[in-house]
Every structure is written in C-alpha cells, then in structure tokens.
Amino acid sequence: MSVRLKLALSYAGFVTLAGALVLAAVWVFLRRYLSDGVLFTFSRFVPNRPDPLHAFAPVAAAVFAFLLVFGVAGGWILASRMLTPLTRITDATRRAANGSLSHRIRLQGRRDEFRELADAFDTMLVRLEAHVAEQQRFAANASHELRTPLAITQTLLDVARNDLNRDTGELVDRLHAVNTRAIDLTEALLLLSRADQRSYTRVHVDLSLIAEEATETLLPLAEKRGLTIETSGDITPAIGSHALLLQMTTNLVHNAIVHNLPEQGTVWVTTTVHPETVVLTVENTGEKLAPQLVSTLVEPFQRGTERIRADHAGVGLGLAIVKSIAQAHDGTLTLTPRPAGGLRVTVQLPPHHRTPADDDQAAHPGSRHLVITKNLSSYDCSVSCTRDGVWQSS
C-alpha cells in the first residue's frame, strides 16, 4: 500500500475506534441506568425499558458506518494535502537523477519538517551543481593543458623525422623541457585529487617548522631573483598531513617568489597561534592587483597573466592545490591584495589542542622560538633560533 492509503486508513481507523468507544459508553449507560419500571422521557414519547435499547442499535450502526466513511474520505484528503510537499521533493529527486541539477523545490509555507527537508535538498542541489560544473571545467582545462605538451612533442618528433640531418641536441633539450612540464602537471593533478579525497594520515605537526623547511628549499630560487625572505613565528601546533601541509606552504612561498618585483622584492612568511585557529601568512611585494583578479586566482589553471614571468611559471594549479589542502584540513584560504602592491595569502587551520606535556615544554626556557631573517639580495643568509636552549646560526 502507498503511504497515502496507509495514512488514510490510519485516520479512518482512529476515528472509527473513537466513535465505537463513544457508542459503547452510551450503550453501557443506557443498560445500567434504565432499570425496569423507570420511564425514559424524550419529547412527548414515553417508552418503557426495552424501547430505547432497541431503538439505539440501528442509530449506533448508522453512526458507526458514517464515521468509517468519513474517516476514510477525510483521511485520504488530509494525507493528500500533507504529502504534497513530499511529492514535489520526489519530483525534484527524479529530475536530479536524470541530470537536471538546476531545478529547485522552493517550498513555501510554514517552516515545518517538510520545509526543512526541501530547503536542505535545495542546498544540496546548489552545491552539487557547483561541484559538477567545477569538475567539468577542471576536466576541460586539464585536457587542454595536457594536450599542449603532447602536441609540442608530436611537432618536434615530426620535425626530427623529416629532417634526419638536424642536430638532435637541441631537440632532446626541448623534448626534456616539455616532458618535465607534462610530468609536473600530472603530479599536480594527482596531488590535487589526493587532497580532495582527504586520503592522508593525520599527525601532529608544527607549521613554523614546515614554513622553515619550505623556505630553505626555495632559497636558491629566491637568491637567483635577488629577493629578501623574512620568516618568523612561534611554535604553531596543528594536526594534519606533513607532506600536504609542506606542499601547501611550498606552493605559497613559490608563488610569492615568482610573482614578485623584478628586483629587490620581499617575501614575508609568518606563523601565529590564536585561541581557535593557527594561521600561516605569506605576503610579497609586487604590482598592485585588482580584487576581481585576486578572486579568480584560486581557480585551476588561472595563472594571473598580468603578473606572471616567463620562467618558473608553474602549471596553474598552485593556489588551487593550496585551497584543496586547506579545505581537506578543515581550514580556510583567504587572498587579499596589499595596498602597496603584491598579495597577502592567509591560511587558517584548526589548532592541535595542547596537552599538559606540551604546556610544560612551552613554559620551559628551552622551548623553541623561531625567528628567521634571510637577506638574499646581498647574498647573505642568516638564521637565528633557539632549540632546546641552544642558539644556532648560519
């Protein structure tokens, strides 16, 4: 049976049962209080004892039949009205199953359980439509980006095949560069997929150490461009994947170096701790950026052509990977243009709740407070910090 019929029969059964109980109560009343010899006065008719009981039986049967019919009909109407929102939700579900994600229920009326269900379903459709559109756009862009190095490789091979006397040294170098770019793009796509699926093991990490490691890795690139990198921060406990958070920080510092002033630029890398979040901030100097451009930089393959340089341009997935890694760690990514030029990128992550042992270590004089300053424009790098009460510099 359908839910509508079940509800109608339930209403009818309840009404009929209630009527039967009332009629039974009246019947008991008549049999108990109308004893022999007592007259029952109703209008001008004065019957003896058996007359009212005999007259009550057909009336009770008629009332019982009326209540049964009324209960079934009324229950069917009430069930139909109550299940109308569910019918609309079912229709929207069928449309979504057929691929129409733009349809919305938009249920009106009071905020009851059906209204909450319809609103939740509309919200799910909005997110699902946006996710599908993003995936389709990403697949199209990825296909285009992967097709480009393959087409270049095919062209170079055709030229080499048609010109057998051509020097192969230059050809091999160009093929190596194109192949390296294709490998980098493929690895970036795999990393992005891994971050989206959240397939990683959560461990306790220190964002300040990760920022230091990423900065040290990119020192040669910053030195080549004559940039100054300033890194500072306290112990910043968090929880997540060390490899993914290192990749996120490396991408941010790499972007800050590449998209900077042609000379005498600066990159600031800072980690801070707040009561509810831990924050990684990467800022750089550069040209002034429009807010409209900044809002598109987290989209895949959006390289910000107004501020890009020819070398170390990347594959256009740097900030997209950063956003996915931040979201996979239940964090947020915020991009803000600096008034003086350049970009400020802020990543907020949930903190690792400290244990009493961690508090004792933080209160100990030997706890680490990291302040790193690298002045690469003068080709001089200095690192000063305390680790377990020992100062180190290089």
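Quick note: structure is the one above.
Residues numbered from 1 in each chain as written. Predicted model: local features only at pLDDT ≥ 70, side-chain atom pairs only at ≥ 80, totals over all residues. Heavy atoms only, no water.

A word on the overall build of the protein
Here is step 1 of the chain: Counting its secondary structure elements, the protein contains 10 helices and 10 strands.
Here is step 2 of the chain: Taking all 394 residues of the protein together, 37% fall into the buried category. (Helix = DSSP H or I, 4+ residues; strand = E, 2+ residues; numbered from the N terminus. Buried < 20%, exposed > 50% of the residue type's maximum accessible area, 1.4 Å probe, protein only.)

What about the pattern of salt bridges?
Here is step 1 of the chain: Tallying each qualifying case throughout the model produces seven salt bridges.
Here is step 2 of the chain: We note a salt bridge from R115 to D119, for which the minimum N-O separation is 3.3 Å. Residue R115 and its partner D119 are both found in helix α3 (residues 113-162); the two are separated by four residues, about one turn of the helix.
Here is step 3 of the chain: Across the pair E283 and R344 runs a salt bridge whose closest N-O atoms are separated by 3.2 Å. With E283 in strand β5 (residues 278-284) and R344 in strand β7 (residues 343-349), this residue pair connects regions lying 61 residues apart in the sequence.
Here is step 4 of the chain: Among the charged side chains, a network of salt bridges with common partners joins E283, R338 and R344. (Salt bridge = Lys/Arg side-chain N within 4 Å of Asp/Glu carboxyl O.)

A short note on the nonpolar core
Here is step 1 of the chain: In this structure, I257, L280, L335 and V347 are the most contacted members of the largest nonpolar core, which totals 51 residues.
Here is step 2 of the chain: Per-element accounting of this core gives the leading share, nine residues, to helix α7 (residues 242-258).
Here is step 3 of the chain: With near-sequence residues (within four places) excluded, I257 lies in contact with L218, L221, A222, R225, L227, I229 and V267.
Here is step 4 of the chain: In terms of nonpolar packing, the next biggest core, distinct from the first, is built from nine residues, A92, L101, I105 and L107 among them. (Core = buried A, V, L, I, M, F, W, Y, C linked by side-chain atoms within 4.5 Å. Contact = heavy atoms within 4.5 Å.)

Details of the side chain of T215
Here is step 1 of the chain: Locating T215 in the fold gives a position in helix α5 (residues 207-217).
Here is step 2 of the chain: Side-chain polar atoms of T215 contact the backbone oxygen of A211, separated by 2.7 Å. (Polar contact = N/O pair within 3.5 Å; in protein donor to acceptor, adjacent residues only side chain to side chain.)

Considerations on a nonpolar patch on the surface
Here is step 1 of the chain: Together, L9, L68 and V72 make up a nonpolar patch on the protein surface, roughly 220 Å² of accessible area in all.
Here is step 2 of the chain: With respect to the helices and strands, L68 occurs in helix α2 (residues 50-97). (Patch = residues over 30% accessible without salt bridge, like charges linked within 9 Å, V, L, I, M, F, W, Y side chains within 5 Å. Areas by Shrake-Rupley, 256 points an atom, 1.4 Å probe, with all protein chains shown as cover.)

Re helix α9 (residues 318-328)
Here is step 1 of the chain: Along α9, eight of the 11 residues are buried, which leaves the element largely enclosed by surrounding structure.
Here is step 2 of the chain: Where α9 is concerned, the buried positions are L319, A320, I321, V322, S324, I325, A326 and A328.
Here is step 3 of the chain: Two residues or fewer after α9 comes D330, characterised by a positive phi angle close to 60°.

Some points on the packing of α7 against α9
Here is step 1 of the chain: Across the interface, α7 lies against α9 with an axial gap of 9 Å and an inter-helix angle of 145°. Crossing of α7 against α9: the hand is left-handed. Contacts from L244, L245, Q247, M248, N251, L252 and N255 in α7 reach G318, L319, I321, V322, I325 and A326 in α9.
Here is step 2 of the chain: Across the contact of α7 with α9, the residue classes tally to nine nonpolar, four polar and no charged. (Axes fitted to C-alpha atoms, helices over the stretch in contact; angles between N-to-C directions. Left-handed = near helix turned anticlockwise from the far one by under 90°. Nonpolar A, V, L, I, M, F, W, Y, C, P; charged D, E, K, R; others polar.)

Some words on the pairing of β7
Here is step 1 of the chain: Counted residue by residue, β7 has five buried out of seven residues, so it is predominantly covered.
Here is step 2 of the chain: Where β5 lies against β7, seven bridges are found, and the strand directions are antiparallel. Across the sheet, residue E283 finds its bridge partner in β7, namely R344.
Here is step 3 of the chain: Where strand β6 (residues 332-337) folds back onto β7 in an antiparallel hairpin, the turn is made up of five residues, including G341, whose phi is positive at roughly 110°. (Pairing = 2+ DSSP bridges.)

A closer look at the packing of α5 against α7
Here is step 1 of the chain: Two elements in contact, α5 and α7, have axes separated by 9 Å at closest approach and are oriented at 55°. Viewed along their axes, α5 and α7 adopt a mutual orientation that is oblique. Relative to α7, the crossing made by α5 is right-handed. On α7, the residues that touch L207, I210, A211, E213 and A214 of α5 are H242, L245, L246, T249 and T250.
Here is step 2 of the chain: Of the residues assigned to the contact of α5 with α7, the class counts are six nonpolar, three polar and one charged. (Parallel < 35°, antiparallel > 145°, perpendicular 65-115°, else oblique.)

Considerations on the environment of V345
Here is step 1 of the chain: Mapped onto the secondary structure, V345 falls in strand β7.
Here is step 2 of the chain: The class of V345 is buried, set by a relative accessible area of 6%.
Here is step 3 of the chain: Considered as a pair, V345 and L333 are 12 residues apart in the sequence and their alpha carbons are 7.2 Å apart.
Here is step 4 of the chain: Residues in contact with V345, not counting those within four places in the same chain, are L252, L280, T281, V282, L333, T334 and L335.

Examining unusual backbone geometry
Here is step 1 of the chain: For Q264, which is not a glycine, the phi torsion comes out positive at approximately 55°.
Here is step 2 of the chain: The topology assignment puts Q264 in the loop between α7 and β4 (266-273).

Thoughts on the side chain of N284
Here is step 1 of the chain: Tracing the backbone shows N284 in strand β5.
Here is step 2 of the chain: Taking the relative accessible area as the measure of exposure, N284 reaches 4% and is therefore buried.
Here is step 3 of the chain: Side-chain polar atoms of N284 contact the backbone oxygen of A256, separated by 3.3 Å.
Here is step 4 of the chain: In terms of polar contacts, N284 uses its side chain to reach the backbone carbonyl oxygen of H259, at 2.6 Å.
Here is step 5 of the chain: Discounting residues that sit within four places of it in the chain, N284 has contacts with N255, A256, H259, N260, T266, V267, W268, R338, G341, G342 and L343.

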